Amino acid sequence: MTTRVDTLILGGGAMGSAAAWELARRGREVILLERFASGHTNGASHGASRNFNLSYSDPTYVAMLVEALQLWRELEDETDTRLLDQVGLVNHGQGQPFAEVHAALSGVGFDPTMLSVAAAQERWPGIRFDTEVLYTPEAGRVNANASVDALQRAAARRGARIEHGRPATRITVQGDESVLVDTDTELFQARRVIVTLGAWTSSLLDGLLPVPRLVVTQEQPAHFAALDTSFVWPGFNHGYRPGTPGYEYWRSPVYGMHTPGEGIKAGWHGVGPVVDPDHRTFTSEPEQLLALRRYAREWLPGADPDVFTEISCTYTTSPDSNFVLDRRGPVIVGAGFSGHGFKFTPTVGRILADLTLDIPAPPLFALDR
Ligand SMILES: Cc1cc2nc3c(=O)[nH]c(=O)nc-3n(C[C@H](O)[C@H](O)[C@H](O)COP(=O)(O)OP(=O)(O)OC[C@H]3O[C@@H](n4cnc5c(N)ncnc54)[C@H](O)[C@@H]3O)c2cc1C
């Protein structure tokens, strides 16, 4: 039996779910197939927190942030849920492009502020500051689990068919306006297919689309018990200059935030072991975890380095760490969101929906960049 549909979406993580909502909002016929059960933790979009970090200077990303802020609020209104808390975010550390970020954000109406170490220390005593601080008050924290759920519920309420436990097994292009997608039980024929498979992108697109090499890593942040909740924890980004004495144990810049009910999340960025997403350990690499606990001990006085919960999650990263958003014939790809895609989710959904109408994505994300 062949099921015909205008647009088929493969992958029900953040990006596929956002595309489904956007297409359904436009009254388009859409089916989404997700391999695992609802709420699974095998990919990149699970957990109760992601930084809505505004600290970008590239105009493409800055414009996407402005749009995302609006769209997150529209999704909240439509689903009567709270997804984004603007608790602010502090950036500190040596060698950080604060001036460029400050100029870029001020240019679009945000209100970034530079604070001295003393002023920041007084305001956020649970964080130890390294240098002067770039504070972005409109930044915050997004609830990942609740967002994926809200996107899928809103899309379904508007007529989208959302299917869990339905892995796609093959994509066959028939021509510019037709593509076949196999599953174990059903064949689909669509005008457009959106492929948002995260760590599994290469499994169905290798040989079909010239996707830049994507590296999948198993990342391992942790939640540390909160010792000090006398203040509202902002999100935090802590950069450094490699080779600086005292930072030898650092693996990468550190990001983090307070996850209500779970503690203070902190993590190294993009340095986890390279993995096959179907053969992962879901356990932390011990030395990296020890180094992360040392970081918490030295730089997060408001968190307990000895009481923690490990997290396991995948990054899928392109060679230049920019996303891949493009189309070839009837096949549209959304991939390479690494460790910085979630904040942009609803805007990525809009870009993917536009690509089904052959409206191009920003050149920064092109396949042949
Ligand atoms: C530890 C960690 C911390 C992060 N922190 C932040 C942050 O603070 N701020 C931020 O902006 N971003 C952050 N990110 C990044 C963000 O979470 C990701 O970029 C985003 O979730 C990627 O979404 P996705 O839809 O591309 O991938 P996924 O959520 O992995 O979705 C891909 C989906 O495809 C499904 N699938 C696979 N194969 C098939 C198949 N054959 N058929 C059907 N379905 C299939 C999978 O089951 C999965 O659900 C973080 C990521 C991690 C891992």
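Here the structure is a predicted model, which means the values were calculated and not measured.

The next point concerns the nonpolar core. Core analysis: the biggest nonpolar cluster contains 54 residues, and F52, W72 and L325 have the highest contact counts within it. Looking at this core, the elements that each hand over two or more residues are α1 (14–25), β2 (30–34), α2 (59–79), α3 (98–106), α5 (144–157) and α8 (345–355). Here this core spans two domains, since at least three of its residues come from each of domain 1 (2–48 + 145–213 + 319–365) and domain 2 (89–137 + 216–317). In contact with L325, other than residues within four places in its own chain, are V333, G334, F337, V348, I351, L352, L355, A361, F365 and A366. Counting residues in hydrophobic clusters, the runner-up holds 28 residues, among them L115, F231, W233 and W299.

Below, the discussion takes up unusual backbone geometry. Even without being glycine, D80 reaches a positive phi, approximately 55°. Taking the relative accessible area as the measure of exposure, D80 reaches 72% and is therefore exposed. The phi dihedral of D358 falls on the positive side, at around 65°, and the residue is not glycine. Secondary-structure assignment places D358 in the segment after α8. Residue classification places D358 among the partly exposed positions, given a relative accessible area of 39%.

The subject of this paragraph is the sheet that holds strand β7 (residues 133–136). Judged by pairing direction, the sheet is mixed, and its eight strands sit side by side in the order β6-β7-β5-β15-β16-β17-β14-β18 without closing on themselves. At either margin of the open sheet sits one strand with a lone partner, and together these are β6 (113–115) and β18 (303–310). Between one strand and the next, the sheet's axes are offset by a mean angle of 25°, whatever the strand orientation. Relative to β7, strand β5 (residues 89–93) runs antiparallel, the two sharing three bridges.

Looking now at the side chain of H223. Position of H223 relative to the elements: it lies in strand β14 (residues 222–226). Taking relative accessible area as the criterion, H223 reaches 6% and is therefore assigned buried. Once residues lying within four places of it in the same chain are set aside, the contact partners of H223 are S49, T259, E262, G263, I264, K265, V307, F308, T309 and I311.

Definitions and cut-offs
- Residues numbered from 1 in each chain as written.
- Predicted model: local features only at pLDDT ≥ 70, side-chain atom pairs only at ≥ 80, totals over all residues.
- Heavy atoms only, no water.
- Core = buried A, V, L, I, M, F, W, Y, C linked by side-chain atoms within 4.5 Å.
- Buried < 20%, exposed > 50% of the residue type's maximum accessible area, 1.4 Å probe, protein only.
- Helix = DSSP H or I, 4+ residues; strand = E, 2+ residues; numbered from the N terminus.
- Domains from an automatic or database assignment.
- Contact = heavy atoms within 4.5 Å.
- Pairing = 2+ DSSP bridges.
- Axes fitted to C-alpha atoms, helices over the stretch in contact; angles between N-to-C directions.

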